[in-house]
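# Examination of the molecular architecture
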There are 2 protein chains.
Amino acid sequence: MVDVPDLVEQARQGRPRAVARLISLVEGASPQLRAVMAALAPLTGNAYVVGLTGSPGVGKSTSTSALITAYRKIGKRVGVLAVDPSSPFSGGALLGDRVRMSDHASDPGVYIRSMATRGHLGGLAWSAPQAIRVLDAAGCEVILVETVGVGQSEVEIASQADTSVVLLAPGMGDGIQAAKAGILEIGDVYVVNKADREGADATVRELNHMLGLGEARAAGDWRPPIVKTVAARAEGVDEVVEALEKHRAWMEERGILAERRSRRAAREVETIAVTALRERIGDLRGDRRLSALADRIVRGELDPYAAADELVAGLTQG
Amino acid sequence: MVDVPDLVEQARQGRPRAVARLISLVEGASPQLRAVMAALAPLTGNAYVVGLTGSPGVGKSTSTSALITAYRKIGKRVGVLAVDPSSPFSGGALLGDRVRMSDHASDPGVYIRSMATRGHLGGLAWSAPQAIRVLDAAGCEVILVETVGVGQSEVEIASQADTSVVLLAPGMGDGIQAAKAGILEIGDVYVVNKADREGADATVRELNHMLGLGEARAAGDWRPPIVKTVAARAEGVDEVVEALEKHRAWMEERGILAERRSRRAAREVETIAVTALRERIGDLRGDRRLSALADRIVRGELDPYAAADELVAGLTQG
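Calculation notes
- Residues numbered from 1 in each chain as written.
- Chains lettered and ligands numbered in written order.
- Predicted model: local features only at pLDDT ≥ 70, side-chain atom pairs only at ≥ 80, totals over all residues.
- Heavy atoms only, no water.
- Least-squares fit on C-alpha atoms with pLDDT ≥ 70 in both.
- Contact = heavy atoms within 4.5 Å.
- Buried area = accessible area lost by both parts, 1.4 Å probe.
- Salt bridge = Lys/Arg side-chain N within 4 Å of Asp/Glu carboxyl O.
- Polar contact = N/O pair within 3.5 Å; in protein donor to acceptor, adjacent residues only side chain to side chain.
- Helix = DSSP H or I, 4+ residues; strand = E, 2+ residues; numbered from the N terminus.
- Core = buried A, V, L, I, M, F, W, Y, C linked by side-chain atoms within 4.5 Å.
- Buried < 20%, exposed > 50% of the residue type's maximum accessible area, 1.4 Å probe, protein only.
- Pairing = 2+ DSSP bridges.

Here the focus is the relation of the copies chain B and chain A. In this structure, two copies of a chain are linked by a rotation about an axis accompanied by a shift along it. Once chain B is rotated about the relating axis by 180° and shifted along it by 0.1 Å, it coincides with chain A to within an RMSD of 0.1 Å. Taken together, the rotation angle and the small translation identify this as a two-fold axis. Taken together, the interface assignments show that 100% of the residues at the interface of chain B recur at the interface of chain A, consistent with an identical surface on both copies.

Pasting the structure below:
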């Protein structure tokens, strides 16, 4: 068995191996998961979680790397969670252009972790929030959650972030694609990357139009900014950080940040509760209570709905 | 609102419209579902449920029709549930060659119902057992449950029957297909239909081999019989009924019938309980208890697992 308090203390001091170990524990639903989560709880709630989504080819990985650099410049400790919903490999696997992240490999102020979710119990909804908690407790002040690959899960990632960044690039028909995927509704900040390419201004205009940014808004409403970047040359990246910090301040002033986090926590509790209840019912297979109820149904003394009521009532008495 | 006791009484007297109405009520998860199920319970447990599975083309529909005739000859009231897992249409829809069933349309001792399960909450596992209970309470002494179409659901159908009949036909490579689908493990009685065609004996031999029927078995073990039929000319169908009645007697002597029905009821209760718990958790969205727990997580006072425990404990107190 792992010495959980010791491991948490080491992670708190920023030791990467302790952080890696903790993420593996929470990701794998180990028997010590509950002990780990209980130990982490008082250390969490300090990190600012930024979700990065966008179609392949928009330069997500390069943008993440540039954002790490920008946040390091202003002295923030950064955690990165690169989630690949299509891959069964987790942990050490450096996926594709993740190699670029090696710029930060020797920086003790940066922790990068890739996470696979395929085949996981509950998938993303289950494992990402736990890993975010570990990074939070380990003292990461900013956590960048990036999807590797495509899919609906982008929306799921965004729902777990404090602020969602939607990345686009010129001439990829991204506007339409983004609209189809529903990611236009989830952006708090929009980034048009590869802005040195032809068509960048057209993409910004199209986006402006689709987001209805020209229309009047109620005073105090958040108007998602569109930032042009060339992430490969770090151009415009400080402006992205600025936009993020503005959004964060806007949310904090209005209590929206706490609200978002609370809703997120509520969904997480729901997921865990449903899974726990399923397991308890599973445990009852072959149990006398369930088979006694079933026998009464066969004899016509009870209908299955009344039996289910009795079963549910019995569940909390252990 | 429907007068449930009156409707149940009418169904008990065999009025087809009352039966149809009750099935619609249980299928659609109406608010009166519970009242219906409670009223039906004491009237159930008398029907013998026979599942019919087999690939398209083996003559399932013709066999079902022939079995109805055979059972009517010995004075049994027959219910038929034709389940189409791929169709969104239920009730009145006469699917494809279901028209052949019109032979029995004017017979008050036969009730035929087709049932769609696509899109249904819980699908087959949910709605078929309830419909079977209605037919049972309505006085059907034999209930034939037939799958229309192909798929994994065949195994599910079989799991809801007292006796499972697997249908095959010569020269269709059925043996291998059946093995792939896992239906070779679920047959209590095997029928090689279209036995006047070339290759019927080869199919019987192949089946014999695959089932290991030549091997020694413990005394008292059930040895699945293989019956050759030409359902279109009603040849061999009385022998199928004989095989079914033998299997039923064999199960009754050993208490196996009650055991199977009990296991089936247990699975059903589980399904209903899980769904009910999910709904209760769903009801808690926006509820103060869940949001209070979520707020405590955000403040770091509680971890999500401990919160889920509290939520689950709270569920049974209403």
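What follows picks up the thread again.
Turning to the interface of chain B and chain A, a few remarks are in order. On the chain A side, the residues contacting the 45 residues of chain B number 45 residues. Carbon and sulfur atoms supply 71% of the area buried between chain B and chain A, which totals about 4,100 Å² over both sides. When residues of chain B are sorted by the area they lose upon contact with chain A, V269, E270 and Y305 of chain B head the list and together hold 18% of the total. Run the count over chain B and chain A and you get two salt bridges. The tally of links from chain B across to chain A stands at six residue pairs in polar contact (both at pLDDT 80 or more). Of all the secondary-structure elements, those providing two or more residues to the side of chain B that touches chain A are α3 (33–40), α5 (123–137), α10 (256–283), α11 (288–298) and α12 (304–315) of chain B. Top contributing element to the side of chain B that touches chain A by residue count: α10 of chain B, with 14 residues.

Moving on, we get to the nonpolar core. Within the largest apolar cluster, 105 residues are counted, with the highest numbers of intra-cluster contacts made by L22 and L81 of chain A together with L22 and L81 of chain B. If sequence neighbours within four positions are ignored, L81 of chain B has contacts with R113, M115, A128, A131, I132, L135, L144, V145 and E146 of chain B.

This next bit is on the environment of G220 of chain A. All names here are of chain A. Looking at where G220 falls in the secondary structure, it is placed in the loop between α8 (200–210) and β7 (226–228). For G220 and R254, which are 34 residues apart along the polypeptide, the C-alpha to C-alpha distance reads 9.3 Å. Ignoring sequence-local partners within four residues, the contact set of G220 consists of W250 and R254.

A few words now on the pairing of strand β1 (residues 48–53) of chain B. All names here are of chain B. Of all six residues in β1, six are buried, a share of seventy percent or more. Side chains Y48, V50 and L52 project from β1 onto one buried face, and the interleaved V49, G51 and T53 project onto a second face that is buried too. For β1 and strand β4 (residues 142–147), the ladder comprises five bridges, and the chain directions are parallel. Among the inter-strand pairings, V49 is bridged to a residue of β4, identified as I143. When β1 meets strand β5 (residues 163–168), the two strands line up parallel, connected through four bridges. Residue pairing for β5: G51 is matched across the bridge by S164.

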